[in-house]
Amino acid sequence: MKVPLKWLADYVPLDLPVAQLAERLTLAGLEVSSVRLFGLPHPEGLRTKAEEAGPVWDRDKIIIAQVLKVEKHPDADKLKLPVVDYGQGRTKALVTGAPNIQVGDKGQKVILALCGSVLFDGHASPKKLSELKPTTIRGLPSDAMVCSSFELGIDEEHAGIILLEDEAPVGMPLADFMGDVVLEIDVLPNMARCLSLIGVAREVSALTGQPLRLPPHAPDANGPPIEGLVKVVIADPKLSPRYAAGLIEGVKIGPAPGWMQRRLTYAGMRPINNIVDVTNYVMLEWGQPLHAFDCDKLKQRAGGKAPTITVRPANEGEALRTLDNVERKLTPEMLVIADEKGAIALAGVMGGLETEVTEGTTNVLLESASFDFLTVRRTVRELALPSEASTRFSKGVHPQIVLPALGRASELMRLHAGGALCRGVVDVYPAPQPPQIVELKTSEVRRVLGIDLPLDECTRLLRALEFEVEPIGKDALRATVPPHRLDVQEGPADLIEELARLTGYDRLPATLLRDQLPDQANNEPVVFEEKVRDRLVAVGLQEVIGYALTTPQREKPLVGADVPYVTLRNPISDERTAMRRSLLTGVLEALASNLKHADDVRLLEIGSVYLPREGQKLPDEPRRLALALSGKRGQEFWGDEKAPAGYLDFYDLKGVLEALLADLHVPGAIYRLAKPPFLHPARAAEVVVGERVLGQFGELHPKVAEAFGLGGRQVLAGEFDLEALRAAVPARHPYVPVGRFPAALRDVALVVEEAVPAERVMAEIRAAGAGLLREVRLFDLYRGDSIAAGHKSLAFALSYQADDRTLNDKEVEGAHKKIEQRLRHVLGAEVRAPKA
């Protein structure tokens, strides 16, 4: 919410310096995130960052002036020579090419910048500030200029100069007339009432003790009665509690007054015309969105009769072309404003193109209503159509604001668009909301806040926020919630929050717990997960934390189609509609994003996946570990010409997993061929401990890599059952002392069928060498001309050792031959003789 302080001062006196006001608002829950300065220097003591460093309008050099005459330049058709009066009998001759001032003009109020002024240079790229210096333009001297809004730093428009309203005082410094400080406030959902200038003014009034001044909202109606000219019907009061309409006849469409256009611009909105600008102005002022219809178009749609406005759910298959000229397909979950021929607006979101106000409009039907905030939210999400109106309606607008906003806008239209305002309004309010009453005890305030607030102080603070308060006994009060507040829903807790805000959170005491802390209970799953993180980070991985919400379409390459999901009834966006079934979705997205900026990315994530259970309300939420690696194995090094680093492959990921299992002391892990659909069919495996499959890993399938924007890259990925991994970790792990006697080393090379995995061979070697065999390590794999087709050669390094003696050659040879015989007998292996 952008809050121009000169506008805010219309409703509450601002006696605090800007820096103190920003701090008070921030501490009260309205965080001032940035400040925009229009022509003024940075306020002293303000620590909030400035949104944009624009020019400071020098009070002696940038002044309001009036055009006395405009003559033609003798040597340039597009240049003109205006002469302006800038007060105290001073005049200045200028050279300008502005298209919105013509030869023969006089009387226009403009902004004059004298030599030495610092402005944005309209001809420089990139945008920069420059000092105005004397020059010569087509043979004529020029030491001043008339300014556009771009040059003054107001907006990006520099096609023409600013023409001020007739009331602008000649000779006044522009900083006094148009200079302003705009606070950018981050309004949280529970402070939605402050999405308006009056809402912020109420807070400032309560914080500073200054009186609140509401603008007049009783219109001067001098036209015919509105009865019989329009009818309003609400189909479901739950979807639209209140709808009011006013009628202004004989308006003339044109620009809004300059002061209104400036306020809208400073507040971040683009001026359009007097009717639309009034609706936007009142929306920003009161927080009540409005919409103006061309009443003649409504009558034409009604066959010349008085139109009937109906608020109803959209019909199945109904369509509406909105103001942005897009045909919208509607559903019954959306609320529309309709007449006899169909929908004319999306309630609370955007109007329809067919009934919009145009330059030819003479009669305006003005809508002021309240709508169900959940319905508005769903409509905005389904149509991806956010707007200033929907921002307010989706957070809740109280029906009591409908009439004051309608009256204020009607009067502004009468004043600045002419015409006659019909007497009365059509106000349909079938179920008025009763006032909410809350009782509060001072003892409860003391219990929650830890401070004593006397009853009279609680009363004073709540009345400052426009609560109606009456005492009930010595230590309790009864408060009636003001009609503009929808956030008071938890009774006394909400009132205590208001007391804390106004008192100041910085004034609440900090106290230590008086009770003895309980003994700390060990949370074994959390400790285990932290240990896994530490081990993986130690081998070079980085942790990411992804969204638990995703879409089935996004996960389809990983988990397939037609699998059940836990879905959200009211998702926050179309990209977050279901709970994830796989951690790899978020990890691969993070991998793709980071590979745009790095050559080597290695990621891990630990988190829950959500698997629906048939017949159960709540899903199963197993914990998983996901790994993803891609890129170069290491940086190039001048001494590595013979052994380049290369790129990460299957065995790098397998090495990460082996290091993790070794650090966790998981015994007996074996790796088997696996073919999960998301991995390359020839480069994937599963890791198994006992009967438990811990997970699957390998090279990502090329089609899956393409789906995640990783096409052309070799990506290694895996997902593991963290709970199965924790169950495989022994409660205690044995250790073997370092041998006192030397080990005897032997190699064995054998030829086996291609289908026999190395893990199977190693298992047979261990079984045959039990007792003396200490270690088995595969160090060579060979396929070539000397090996029969369909076979491979494996070479293992074996280590023999005894605990109580040094083994002699006979013992070692005996054990070695026993292993060779088992390999021949069990696997049909051909043991190759060692080379001489």
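Residues numbered from 1 in each chain as written. Predicted model: local features only at pLDDT ≥ 70, side-chain atom pairs only at ≥ 80, totals over all residues. Heavy atoms only, no water.

Visitor: Tell me what's going on with the overall build of the protein chain, and back it up with residues and numbers.
Guide: When helices and strands are counted, the protein chain shows 21 helices and 40 strands. Computed over its C-alpha atoms, the radius of gyration of the protein chain comes to 39 Å, more than 25% above the 28 Å expected for a compact globule of 836 residues. Taken over the C-alpha atoms alone, the protein chain extends approximately 120 × 85 × 65 Å along its principal axes. If you take every contact in the protein chain between residues at least 6 apart in sequence, the share linking residues at least 24 apart comes to 68%. For the protein chain, the accessible area works out to roughly 42600 Å², and carbon and sulfur atoms hold 51% of it. Side chains of the protein chain carry 101 positive and 115 negative charges; the gap between the two charge centres is 2 Å. (Helix = DSSP H or I, 4+ residues; strand = E, 2+ residues; numbered from the N terminus. Rg over C-alpha atoms; globule rule 2.2 N^0.38 Å. Contact = heavy atoms within 4.5 Å. Areas by Shrake-Rupley, 256 points an atom, 1.4 Å probe, with all protein chains shown as cover. Lys, Arg positive; Asp, Glu negative; His and termini not counted. Charge placed at Lys NZ, Arg CZ, Asp CG, Glu CD.)

Visitor: Summarise the sheet that holds strand 39 (residues 791–800); cite the residues concerned and give the values.
Guide: Paired through their backbone hydrogen bonds, the strands of a sheet run either parallel or antiparallel. One open sheet accounts for four strands, arranged 38-39-37-40; its pairing is antiparallel. With partners counted over all chains shown, the strands left at the sheet margins are strand 38 (773–782) and strand 40 (830–832), one partner each. Here the strands of the sheet are splayed against their neighbours by 30° on average, with no regard to which way each runs. With three bridges connecting them, strand 37 (residues 744–753) and strand 40 associate as antiparallel partners. Within the sheet, the bridge partner assigned to Leu750 lies in strand 40 and is Val831. On the sheet, helix 20 (residues 758–768) packs against strand 37, strand 38 and strand 39 and is oriented at approximately 35° with respect to strand 39. The sheet contacts of helix 21 (residues 809–827) involve strand 37, strand 38, strand 39 and strand 40, and relative to strand 37 the element is tilted by about 15°. (Pairing = 2+ DSSP bridges. Axes fitted to C-alpha atoms, helices over the stretch in contact; angles between N-to-C directions.)

Visitor: Which residues make up the pairing of strand 20 (residues 342–346), and what values do they have?
Guide: With five of five residues buried, strand 20 lies mostly within the body of the structure. Pairing of strand 19 (residues 335–339) with strand 20, which is carried by four bridges, proceeds in the antiparallel orientation. Bridge assignment links Ala338 to a residue of strand 20, and that residue is Ala343. Hairpin connection, strand 19 to strand 20: the antiparallel pair is bridged by two residues. Linking strand 20 to strand 21 (residues 350–351), which pair antiparallel, is a turn of three residues; within it Gly348 sits at a positive phi near 80°. (Buried < 20%, exposed > 50% of the residue type's maximum accessible area, 1.4 Å probe, protein only.)

Visitor: How would you summarise the environment of Asp574 if you had to cite specific residues and measurements?
Guide: Along the chain, the position of Asp574 falls in the loop between helix 15 (552–559) and strand 30 (578–579). Residue Asp574 is classed as partly exposed on the basis of its relative accessible area, which comes to 46%. With 24 residues separating them in the primary sequence, Asp574 and Thr550 have C-alpha atoms 8.9 Å apart. Beyond its immediate sequence surroundings of up to four residues, Asp574 is in contact with Arg381 and Thr551.

Visitor: Any details on the pairing of strand 3 (residues 62–72)? Residues and values, ideally.
Guide: Two elements, strand 3 and strand 6 (residues 109–114), share five bridges in a ladder whose sense is antiparallel. Paired with Ala65 across the strands is Val110, a residue of strand 6. Both strand 3 and strand 4 (residues 80–85) contribute to a ladder of six bridges, which runs antiparallel. Among the inter-strand pairings, Lys72 is bridged to a residue of strand 4, identified as Lys80.

Visitor: Run through the packing of aromatic side chains, naming residues and quoting values.
Guide: Counted under the stated rule, the structure contains nine aromatic pairs. With a centroid separation of 5.3 Å and 15° between ring planes, the pair formed by Phe650 and Phe697 is classed as stacked. Of the two residues, Phe650 sits in helix 17 (residues 650–663) while Phe697 sits in strand 35 (residues 692–700), which places them 47 residues apart along the sequence. Exposure class is identical for Phe650 and Phe697. Each is buried. With centroids separated by 6.0 Å and ring planes inclined at 85°, the aromatic side chains of Tyr671 and Phe697 adopt a geometry described as edge-to-face. On the criterion of sequence distance, the pair formed by Tyr671 in strand 33 (residues 669–673) and Phe697 in strand 35 is long-range, its members being 26 residues apart. Summarising the burial analysis for this pair, Tyr671 and Phe697 share the class buried. Pairwise contacts between aromatic rings join Phe650, Tyr651, Tyr671, Phe697 and Phe720 into one cluster. Positioned above the aromatic ring of Phe120, the side-chain terminus of Lys127 is 4.4 Å from the ring centre. For the cation-ring pair, Arg576 lies above Tyr547, with the distance from its terminal atom to the ring centre recorded as 3.9 Å. (Phe/Tyr/Trp six-rings, centres within 6.5 Å; stacked < 30°, edge-to-face > 60°. Lys NZ or Arg CZ within 6 Å of the ring centre and 35° of its normal.)

Visitor: Describe the sheet that holds strand 34 (residues 679–689), naming the residues involved and giving the relevant values.
Guide: Taken in spatial order, the seven strands line up as 28-31-32-36-35-34-33 in an open sheet, and their pairing is mixed. With partners counted over all chains shown, the strands left at the sheet margins are strand 28 (542–543) and strand 33, one partner each. Seen against the sheet, helix 14 (residues 524–538) touches strand 28, strand 31 (600–608) and strand 32 (623–631) and runs at an angle of roughly 175° to strand 31.

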